[in-house]
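In case you want the letters, here they are:
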Amino acid sequence: MTPGASHLYAHLPFCASRCGYCAFVVEVGALDRRDAYAAALRAELAAESGRLGPLETVYLGGGTPTLMRPHRLRGLLEDLAPRLAPGAEVSIEANPETVDGDQLRELRALGITRVSLGAQSFQPHLLAALDRAATPAQVRRAVACAQDAGFASVSVDLLFGVPGQTPQDLEADLAAVTGLGVDHVSWYELEIKPGTALERMGAEPPDEDRAADAYERVVEGLEAAGFRWYETANFARPGHECRHSLAYWSAADYLGIGVGAVSTAGGVRWRNAAGVDRYIAALDAGEAPRRETETLDADTRRRERWMLGLRVDRDLDIGWAGAPDHPEALERLEAGGLVRRSGSRIALTRRGRFIQNAVLQELMEYAS
Ligand SMILES: C[S@@+](CC[C@H](N)C(=O)[O-])C[C@H]1O[C@@H](n2cnc3c(N)ncnc32)[C@H](O)[C@@H]1O
Ligand code: SF4
């Protein structure tokens, strides 16, 4: 029998409005459903609990989980408490304008150990371009409150490749974030996603050279400030890597609960449908939420192990992952200084990491 999953994701979809770049499963104008949703989440957790082993990590993501307010998360966190392994990481995503010192202290007291604050930028014109509600001052205050509340790790999310972002803006964001004393930074390249306001406005991503320059500056700037570039878009002070994300990248099993949440366990993946009302109705009726289920064949799992495994600055064991689609490319990539190998273990070199997608395309058939 497959051992139970050690990682749980819970999706809290409520947002005050939808940011122009966001394509996540989000529910706007439904704040009156928060109590019913919290109850439904607990019901889904209870129904699925047989799939769980002791939990090493829990991640409350969104949406805007902090719009639930601590009292609506209490029940779920109480249900989870006896399932947590000693030293478990319990993360929450927080929008800076939705938290204050009292709430953050309450979340800490409820067992949350790690807070990830969505800053995206510290430049007012970029925040406006992204439809962000928080001002730079609110972001700074939220970080300070989270630090005072005593979480084990405080993280900040940022974006590069934002329309209108100049190299000077990027330097200013680097200076701002490295001045905060946070433990972890996620710095993503903005994707212009289909169906978003940004796409409808005809926003264009920066050209490849400018994006590559920006990425290089992000990595250099954060490394110079003492962060380790431990994953494509993630940087941590020693001991502050996000263990939940590391579990995804090592293709571990995980259970996801809530609308739009994905689970992967025992070679099967399922995704709950979007739509809070239908989710609540199903759980109220004692039924499972609407889901799409897919069996992961050996090839899919092998490709995922490569795609995820090469994101992190750890060796990938080919014995575990399986051979790449084009094993002959390995020698070429090694000779070109993009990959290094030691026996059955392989990792991207620093140069390889900057062009990870190109390297993957050499190795695998369907890498994106
Ligand atoms: C799931 S979002 C939710 C977090 C929170 N609601 C917020 O807005 O800060 C988590 C992170 O994904 C990143 N993200 C969202 N949309 C993105 C996009 N289109 N391209 C790149 N990163 C994106 C942002 O950095 C965001 O902080
Ligand atoms: S970016 Fe965050 S706050 Fe904005 S709509 Fe998406 S989930 Fe909500």
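So, how was this worked out
Residues numbered from 1 in each chain as written. Chains lettered and ligands numbered in written order. Predicted model: local features only at pLDDT ≥ 70, side-chain atom pairs only at ≥ 80, totals over all residues. Heavy atoms only, no water. Near = heavy atom within 4 Å. Nonpolar A, V, L, I, M, F, W, Y, C, P; charged D, E, K, R; others polar. Polar contact = N/O pair within 3.5 Å; in protein donor to acceptor, adjacent residues only side chain to side chain. Areas by Shrake-Rupley, 256 points an atom, 1.4 Å probe, with all protein chains shown as cover. Patch = residues over 30% accessible without salt bridge, like charges linked within 9 Å, V, L, I, M, F, W, Y side chains within 5 Å. Salt bridge = Lys/Arg side-chain N within 4 Å of Asp/Glu carboxyl O. Lys, Arg positive; Asp, Glu negative; His and termini not counted. Charge placed at Lys NZ, Arg CZ, Asp CG, Glu CD. Helix = DSSP H or I, 4+ residues; strand = E, 2+ residues; numbered from the N terminus. Core = buried A, V, L, I, M, F, W, Y, C linked by side-chain atoms within 4.5 Å. Buried < 20%, exposed > 50% of the residue type's maximum accessible area, 1.4 Å probe, protein only. Contact = heavy atoms within 4.5 Å. Expected span 1.5 Å × (residues − 1). Domains from an automatic or database assignment. Buried area = accessible area lost by both parts, 1.4 Å probe. Pairing = 2+ DSSP bridges. Axes fitted to C-alpha atoms, helices over the stretch in contact; angles between N-to-C directions.

### Examining the site of ligand 2
Around ligand 2, the structure places C15, S17, R18, C19, Y21, C22, V26, G63, T64, N95 and R132. In the shell around ligand 2, the residues fall into 5 nonpolar, 4 polar and 2 charged.

### Considerations on the site of ligand 1
The environment of ligand 1 is made up of 17 residues, and the closest members are G63, N95, Q120, R132 and D157. A distance of 3.1 Å is found between a nitrogen atom of ligand 1 and a backbone nitrogen or oxygen belonging to Y21. When isolated, ligand 1 has an accessible area of 560 Å², and the protein chains bury 91% of it. Here the residues of the shell around ligand 1 sort into 5 nonpolar, 6 polar and 6 charged.

### So, a negative patch on the surface
Residues D207, E208, D209, D213 and E216 make up a contiguous surface patch of negative charge. Here E216 shows up in helix α8 (residues 208-224).

### Observations regarding the nonpolar core
In this structure, L60, V177 and W187 are the most contacted members of the largest nonpolar core, which totals 68 residues. Top contributing element to this core by residue count: helix α5 (residues 136-149), with 6 residues. When sequence neighbours within four positions are dropped, the list of residues in contact with V177 reads F122, V156, L158, V182, V185, W187 and L222. Among the nonpolar cores identified, the runner-up in size contains 16 residues, and W306, L316, I346 and L348 belong to it.

### Here we look at α8
Relative to the 24 Å expected for 17 residues at 1.5 Å per residue, α8 spans 24 Å between its end C-alpha atoms, a close match to the ideal helical length. Buried within α8 we find A211, A214, Y215, V218, V219, G221 and L222. Along its buried surface, α8 packs onto β7 (153-160), α6 (167-178), β8 (184-189), β9 (228-231), β10 (234-236) and α14 (350-354). Where α8 begins, the side chain of D207 points an oxygen toward the backbone nitrogen of D209, at a separation of 3.1 Å. Directly beyond the C-terminal end of α8, a positive phi value near 100° is found at G226.

### Section: the environment of L110
Structurally, L110 is set in the loop between α3 (101-109) and β6 (114-120). Expressed as a C-alpha distance, the spacing of L110 and T166, which sit 56 residues apart in the sequence, is 41 Å. Apart from residues no more than four positions distant in its own chain, L110 is found in contact with P70, R74 and L77.

### Structural notes on the domain arrangement of the protein chain
Interfaces are often sized by the amount of accessible area the parts lose when they come together. Looking at the protein chain, the domain boundaries give domain 1 (5-249) and domain 2 (298-363). Measuring from the centre of the C-alpha atoms in domain 1 to the corresponding centre in domain 2 gives 28 Å. Domain 1 puts 12 residues into the contact, and the matching count from domain 2 is 10 residues. When residues of domain 1 are sorted by the area they lose upon contact with domain 2, W229, T232 and W249 head the list and together hold 47% of the total. Put simply, domain 1 and domain 2 have 3 salt bridges between them.

### Focus: the sheet that holds β9
A sheet is described by the order of its strands in space; here 9 strands give the open sequence β9-β10-β8-β7-β6-β5-β4-β1-β11, paired in mixed fashion. Whereas interior strands pair on both sides, the edge strands pair on one side only; in this sheet they are β9 and β11 (255-257). With direction set aside, neighbouring strand axes in the sheet form an average angle of 20°. Taken together, the 4 bridges between strand β5 (residues 84-94) and β6 define a ladder with parallel strand orientation. Note on β6: the bridge partner recorded for S91 is R114.

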